Amino acid sequence: MNDALKATGSIRRRLTVQLLSGAAILTIILVFIVRSFSQQLAEQSQDNILNASLTAILDASSIQQGEVTVDIPYSAFSMLSNLSNDRVFYRIDQDGAFLTGYADLPTPKLRAAADTPTFMTGTYQDVEIRMVTATRLLALEGRPIELQASIAQSRNGQAQTLAEISNMVMLFGSGFFVMSAIIALLAAQSTVGPLQRLAASVSRRGPHDLRPVTATVPEEMVPLVQSLNQFIQRLDTSLTRSEDFIAEAAHRVRTPLATVRAQAEITLRRVDKDENRAALKEMIRAIDDSSRAAGQLLDHAMVTFRTDHLERSRIDLAALVRECVDRLQAVAALKDMALTYAEIDTAQISGDAILIQNAVRNLLDNAIKYSPMESHISIELTVEAPWLTLSIYDQGLGFPKTGAERLTERFERGDNVGGIVGSGLGLTIVDEVIHAHGGNLTISNNPNGVGACVSISFPLP
Ligand SMILES: Nc1ncnc2c1ncn2[C@@H]1O[C@H](COP(=O)(O)OP(=O)(O)OP(=O)(O)O)[C@@H](O)[C@H]1O
Ligand SMILES: [Mg+2]
């Protein structure tokens, strides 16, 4: 049946992958946003300081004795110094001609407007720099003089701070991802948990357990469980109906068969001709066969019903077997057979007495049926924890060497039966009864000589 079922992936895996992908995307976005935000902040603060420093320089410029004087204040550079010892460059031009500072410091192509400083990023002396340029107009003897000042700072400190922030963000991001992964795994597990529990509770059931599923399940699974229960209910109804039908049919067949058999026996006594007698004997045998089959079918239907709804009680197996042996003594006596029963004192088990009686009767019936006249059947009860075992040894034909394990299947008979009447249901009944009680049926041949040995073991309570 499993072959017909095709699984399309696993819900747990799918859910875990989806949650993990979501967490990974969120982590990447988070890392990216935090990094670019901190970069912006760092750039902004560097620009602000550069601008303040430039303003201080331009403010310090004046005209003294007919000459432009730029007395760069200490504060203009001190505010730029930081822990990473970034380098600072400056340059001042008067009317487009270099005045002081670093003569080769590149100035912006566009002339900076008086009130708006121009920022640019470039490379100077092999280091990346951020530079701000602004102009100031001074008046010398009624003539305007344009003073352009640029101040630049290398970006090592900023890069270092950014690297630190990046490391920290990566660390937090990884932590966030690991936590999300754990939460994703737990979430996936808790989602499929009820499904697994439902599957386990259904598959733990015995083959005849057709009770409705009552396990509590999440809302989304209620329709599934309802459909399952409806299906179980339909199956139960149809099984019960067919068992009832078999029982009823067997009962209806057996009664007229008994009448026909009685009539055939009476006729047999009256008939002298050999060929007629042979035909009547054949007829009686066929009736016996049918009658036995009807009886066994009836028993089988009863056994199936009772094993489905097994009601256990304390049973003394020793007494139960003794009663069966006593009942069959008369049948054994017809074949001059001796039944000996070695019982033990305590042989308590828990189970359905009617079912176990039926099983024991079938085993004794086989032992008598498949054994020759004047032979001996020995019945033994032994306790070997955790099992209580009933063994029946006979001196008959023994089981066939091959295919003996198939004899517990319905209507299977061995090739050793000859003309012995039977329907092939006895061992099926025994097997079903024993398994419903959690025990085992062992079919073998007597290790110490001829004949069969059949054992049934029950777990001790
Ligand atoms: N004690 C035994 N010795 C030898 N063969 C046996 C013995 N018990 C069972 N068998 C073999 O196992 C087969 C199945 O036994 P089972 O009791 O199921 O059916 P049956 O005896 O043929 O019919 P019935 O349903 O009437 O009992 C028998 O047909 C027979 O071949
Ligand atoms: Mg039998």
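Residues numbered from 1 in each chain as written. Chains lettered and ligands numbered in written order. Predicted model: local features only at pLDDT ≥ 70, side-chain atom pairs only at ≥ 80, totals over all residues. Heavy atoms only, no water.

Peer 1: Help me understand the packing of aromatic side chains, please; the structure alone is not making it clear to me.
Peer 2: The geometry of an aromatic ring pair comes down to the distance between the two centres and the angle between the two planes. Tallied over the entire structure, the rule returns 4 aromatic pairs. Taking 4.8 Å as the distance between ring centres and 85° as the angle between the ring planes, the aromatic pair formed by Phe89 and Tyr124 counts as edge-to-face. Placement of Phe89 in strand β3 (residues 88-94) and of Tyr124 in strand β5 (residues 118-124) is noted, with a sequence separation of 35 residues between them. Each of the two residues, Phe89 as well as Tyr124, counts as buried. With a centroid separation of 6.3 Å and an interplanar angle of 90°, the aromatic rings of Tyr102 and Tyr124 are classed as edge-to-face. Taken together, the residues span a long stretch of sequence, with Tyr102 in the loop between β4 (97-101) and β5 and Tyr124 in strand β5 at a distance of 22 residues. What makes Tyr102 partly exposed here is its relative accessible area of 32%. On the basis of relative accessible area, Tyr124 is assigned to the buried category, the value being 5%. (Phe/Tyr/Trp six-rings, centres within 6.5 Å; stacked < 30°, edge-to-face > 60°. Helix = DSSP H or I, 4+ residues; strand = E, 2+ residues; numbered from the N terminus. Buried < 20%, exposed > 50% of the residue type's maximum accessible area, 1.4 Å probe, protein only.)

Peer 1: Help me understand the pattern of salt bridges in this model?
Peer 2: Between side chains of opposite charge, a pair can form as their charged atoms come close. Under the definition given, this model contains 15 salt bridges. In this structure, the salt-bridge partner of Arg327 is Glu323, at a minimum N-O distance of 3.2 Å. Of this pair, Arg327 and Glu323 both sit in helix α6 (residues 317-334), 4 residues apart, roughly one helical turn. Overall, the relative accessible area of 55% leaves Arg327 in the exposed class. Among the salt bridges present, the one from Arg406 reaches Glu412, with a minimum N-O distance of 3.0 Å. Note on Arg406: relative accessible area 43%, which makes it partly exposed. Note on Glu412: relative accessible area 25%, which makes it partly exposed. Among the ionic contacts, a cluster of salt bridges with common partners joins Glu43, Glu128 and Arg155. (Salt bridge = Lys/Arg side-chain N within 4 Å of Asp/Glu carboxyl O.)

Peer 1: It is not clear to me how the site of ligand 1 should be interpreted in this structure. Could you clarify?
Peer 2: Neighbouring ligand 1 are 22 residues, the closest being Arg292, Arg413, Asn416, Ser423 and Leu427. A distance of 2.6 Å separates an oxygen atom of ligand 1 from a polar side-chain atom of Asn416. Protein burial of ligand 1: of its 580 Å² of free accessible surface, 100% is covered by the chains. For the shell around ligand 1, the elements supplying multiple residues, two or more each, are α5 (274-308), α7 (353-369) and α8 (426-436). (Near = heavy atom within 4 Å. Polar contact = N/O pair within 3.5 Å; in protein donor to acceptor, adjacent residues only side chain to side chain. Areas by Shrake-Rupley, 256 points an atom, 1.4 Å probe, with all protein chains shown as cover.)

Peer 1: Sorry, what's going on with the domain arrangement of the protein chain here?
Peer 2: When its domains are assigned, the protein chain resolves into domain 1 (15-163), domain 2 (205-309) and domain 3 (311-461). Centre-to-centre separation of domain 1 and domain 2, based on C-alpha positions: 101 Å. (Domains from an automatic or database assignment.)

Peer 1: Teacher, can you tell me more about the sheet that holds strand β14 (residues 452-459) here?
Peer 2: What holds strands together in a sheet is hydrogen bonding between their backbones, with the strands either parallel or antiparallel. Ordered by their spatial adjacency, 5 strands build an open sheet running β9-β11-β12-β14-β13, and the pairing between neighbours is mixed. Lying at the two open borders of the sheet, with one neighbouring strand each, are β9 (338-342) and β13 (440-445). Across the sheet, the mean angle from the axis of one strand to that of its neighbour is 15°, orientation sign disregarded. Two strands pair when backbone bridges link them, and β9 and strand β11 (residues 376-384) are joined in this way by 5 bridges, in the parallel orientation. Bridge pairing in β11 links Thr340 to Ser378. Strand contacts of α6: β9, β11, β12 (387-393) and β14, with the helix running at about 170° to β9, the strand carrying the most contacts. Most of the contacts of α8 go to β13, to which it runs at about 140°, and overall it touches β13 and β14. (Pairing = 2+ DSSP bridges. Axes fitted to C-alpha atoms, helices over the stretch in contact; angles between N-to-C directions. Contact = heavy atoms within 4.5 Å.)

Peer 1: Just to check I follow, could you spell out a nonpolar patch on the surface for this structure?
Peer 2: Taken together, Ile25, Ile29, Phe32 and Ile33 make up a surface patch of nonpolar side chains, about 430 Å² in accessible area. Look at Phe32 and you get exposed, because its relative accessible area is 61%. (Patch = residues over 30% accessible without salt bridge, like charges linked within 9 Å, V, L, I, M, F, W, Y side chains within 5 Å.)

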